[in-house]
Amino acid sequence: MDEFQEILQDFLVESFELVEKLDEDLVLLESDPEDLELLNGIFRVAHTVKGASSFLNFDVLTHLTHHMEDVLNKARHGELIITPDIMDVVLQSIDLMKSLLNTIRDTSSDAGIDVSECVSRLDKVSGGDGAVPVVEATPVVEEAPAVVEETPDNDDEEEMDYDSMDADEVEAEIERLLQQRQNEDKAKRAAKIAAGEAVPEAPPAPDEEEPAAAAAPTPAPAPVAPAPVTPKPAPEAKPKAEPAGEAKAAAPAKKAPAAVEQTIRVDVKRLDHLMNLIGELVLAKNRLIKINDDVEERYEGEEFLEELNQVVSIVSLVTTDLQIAVMKTRMLPIGKVFNKFPRMIRDLTRELNKKIELEISGEDTELDKSIVEEIGDPLVHIIRNSCDHGIEQPEDRVAKGKTESGTIKLKAYNEGNAIVIQIDDDGKGLDADMLKNKSLEKGIITEKEADNMSDKEAFTLIFKPGFSTAATVTNVSGRGVGMDVVKTNIEKLNGIIDIDSEVGVGTSMKLKIPLTLAIIQALLVGVQEEYYAIPLASVLETVRISNDEIYTVENRSVMRLREEVLSLVHIGDIFEVDRILDGSEYAYVVVLGLGAQKLGLIVDSLVGQEEIVIKSMGDYLKGIEGVAGATIRGDGGVTLIVDVVALMQMAKGVKASASSQNNAVAQISHEKSKASDYKIMIVDDSKTDRMIMRKALEPLGVSLIEASDGQEALNILKSGEHNFDAMLVDIEMPRMDGYSLATEIKKYNKYKNLPLIAVTSRTGKSDRMRGVESGMVEYITKPYSADYLSSVVQRNVNFKSEFL
Amino acid sequence: MSDKLKQIINKQSEQKDVGLDQSEDIVQLVGFIIGEEEYAVPILTIQEIIKPINWTRVPQTPPYVRGVFNLRGSVIPLIDLRIKFGLGAKNHNDETRFFVLKQGDEVAGFVIDRLTMALRIKKSDIGPPPDTLISDDSMIEGVGKQDGRILTILKVNKLLARDF
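Residues numbered from 1 in each chain as written. Chains lettered and ligands numbered in written order. Predicted model: local features only at pLDDT ≥ 70, side-chain atom pairs only at ≥ 80, totals over all residues.

### Overview of the overall build of chain B
- From N to C terminus, chain B includes three helices and 11 strands.
- Going from the N terminus to the C terminus, chain B shows its helices and strands as α-β-β-β-β-β-α-β-β-β-β-β-β-α.
- Classification of the 164 residues of chain B by burial places 25% in the buried group.
- A separation of at least 24 residues holds for 52% of the contacts in chain B among residues at least 6 apart in sequence. (Helix = DSSP H or I, 4+ residues; strand = E, 2+ residues; numbered from the N terminus. Buried ≥ 20, exposed ≤ 12 C-beta atoms within 10 Å, placed from the backbone. Contact = placed C-beta atoms within 7 Å.)

In structure tokens, the structure reads:
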């Protein structure tokens, strides 16, 4: 039973591959019905599937493919011209074949799908076309009704099949198949022996069938007896049918056997495991680099450093190469996804009565398997959308002076660390105003939002769930679901969508997707004492802005970024960081782009770019909003990875908080309504000096608090009872002098920007230097005039002149 | 040499047998202190016990989830049992330990105040939790008595279950 399962698995994998190819070839064939080579190829594919399924007793599938074969065989012999109608029937039968294969995969049996309708249509095509000159008398017409009864005997099937060919061909086909199987089997056995018992390599099989040898993993040693194979080649040979199929395709076409690609199938799990191991290695490498840096610093100039440096750089180089190599093994050409579109477009054009041509380029561009699997659905929706809403009816196109048939261009290319898939159509384009009106109607946006929307933002409306411009729901689209799926899926892949459109000219959609998901480039940012990693794929740019550039619009912080208005949110508000606001003059803004939305994330510091490995945080902490996972940094610490998708959502929620952040700024910088709101501490051990200062400042009407030495001043500050705007500090004091006080104060983030003004009789240059070093902003030497002191204080606390 | 080895192996297997015989009515636990009380968990659920290391805070979690830490390449949640048991946080000291518990695929680290000892306790000495505390949500597996001490035996699966 196990053996059967194994064979079945191989059969399924192979058949799915073949069917996919069939789809593609048939569409090609339709545009060039005369291409005999192509036709032969298609026939052989159908034949292979039929043969394999009959061996495995999938009667329904055999039955269906058999009739397909009839039609194709006739076409091959020029007895039948492939018209679009015939093609429809053939394509329909391929669809049936696919669903049969799916059923087999799920249930190990092909029961439950009715093929008789399709079979009779096929028969009609192959038999009913009596008008077509029949060169050789083929008994198809008579036979067809007989086989409509299901559960035909296998052997009969085989015979009937070959009956439909001419005698020579049958001979040749049988001959070839047999040879193929024998060779395959020999090769397989040989490989087993070679692997298991290390039998010395014998000269390659003196067989006339070269392609078989080429397809086999090792040269087939001749001495292995082919005899036992022949009696029952069926169960053993069939799993290898794929190379056989390839070989068959190659042989008659007289193609060089060397062209057959040498590949092996590997379980994806093994590759995943390999990727995990590489991940560990990358982390270790990061750590090594960090240690190397530390060592370098400590033992500068030592000789062994040179050597260490070399080793570290080799290790890091090889690790990077290794990572790329393993990543490549997981890469698939995007053509795997693209090749189902010609068929789709064909079906759509017939359904919608439009003329559409599909141009595909860059199908060799490769990307990670997991992404290839995810990208299919969004592309289907986008292309359907282009066909249905983008491309106009032929007569409309002609009226507009365009060519009758529309063109959809599907293009893939690499751009840096990402792959770009571009879908262009030359249809009617998106009308921003119309989109806005529709959205208003459906209540997706408010009037105010609509007014503030740029054209580009309006284009993104098509991604809103429930949005549809179609007046009626058609088979193809109009439910307002598809584009929402596109957005969700692309965002899941950390991708970005960019739409460009011009009314009457066409629409261009760009999907920018990172190459892989397991190891990513990230931007490390700091907020207070914490660090977070933001996937670089979602980072558009970083900018440093001064706080004046942050505006508040409707309770949201925003900034102007060139021509756009960008919403801002502080990372601390999202991740509940206790923010002892330092109110520095500048803010770093990381501009995040996701799908078509943008957001500015304010951070305290930008640390740099690093390669990180995504690790899950286990079930216990799964699904924490805003956190996509964690990574281990070079120093062994854990850094959380920002989930940009969730963050964008959360940013909407912190609307109020974004403004409260502004309030916080206001509070800390003390929005003053009267002069006495300003609080200034005077620190001096001499009562007289304190008095002089008090006298100088009292006319301003500010609140003054006195401390007689550094320690006392620090205690007052720590108590948090008062929020000081500035401190006047004497240098020479008992217990704690002015310098130490300043140094202590600057240790607190909260007071980093509290202006400290030294008031002292020390006038030496070195004293001034020390003052600056300890964090004093001004240095006033005694004696001073009251006005001077007052003006210095006013300047440092931004005293509002209207209070004077 | 091989004789000696055999002897040792035999001896060990004998011991093992003895151990197995007893395992039916003996439970091996590791005791630890949180606040004033002594608690215990089955020894086999403990992956390791380590001294406190740095951890990273995780936002959007209850206060008793301290964050995550790096245990030889794995990212593991850190849960403070003091806070979870409503005792308020305490600074870590020389006796503080991280208990790494594992059951199935679930792994988590727990902050405890102090380790006491590994102990063997007869099953018959373990009583059910007080009636007032019996419920499906209870984290208490039972109450063990030994030499006048009372140990609260905790349910590891409940400790490892996310409850927020």
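### A few points about the interface of chain A and chain B
- Contacts between chain A and chain B engage 22 residues on the former and 19 residues on the latter.
- Looking at the side of chain A that touches chain B, the elements with two or more residues in it are α12 (268-298), β17 (627-632) and β18 (638-642) of chain A.

### Some details on the environment of Leu96(A)
Residues and elements named next belong to chain A.
- If you trace the backbone, Leu96 turns up in helix α4 (residues 84-107).
- For Leu96, a count of 21 C-beta atoms within 10 Å translates into the label buried.
- For the pair formed by Leu96 and Cys118, sequence separation is 22 residues and the distance between their alpha carbons is 8.3 Å.
- Each residue touching Leu96, except ones within four places of it in the same chain, is listed here: Leu64, Ile113, Val115 and Cys118.

### Observations concerning the pairing of strand β23 (residues 778-781) of chain A
All names here are of chain A.
- Of the strand pairs in this sheet, strand β22 (residues 756-760) and β23 are connected by four bridges, and their pairing is parallel. Counterpart to Val759 in the pairing with β23 is Ile780.
- Handedness of the crossover joining β22 and β23 through helix α28 (residues 765-773): right-handed. (Pairing = 2+ DSSP bridges. Right-handed = clockwise from strand over helix to strand, strands pointing away.)

### A few points about helix α21 (residues 482-492) of chain A
Residues and elements named next belong to chain A.
- Those residues of α21 not exposed but buried are Gly482, Met483, Val486, Lys487, Ile490 and Glu491. Projected down its long axis, α21 shows its buried positions confined to an angular sector of 165°, all on one face.
- Just past α21, the residue Asn494 takes up positive phi, approximately 60°. (Arc of directions from axis to C-beta.)

Geometric values such as these leave the question of function open.
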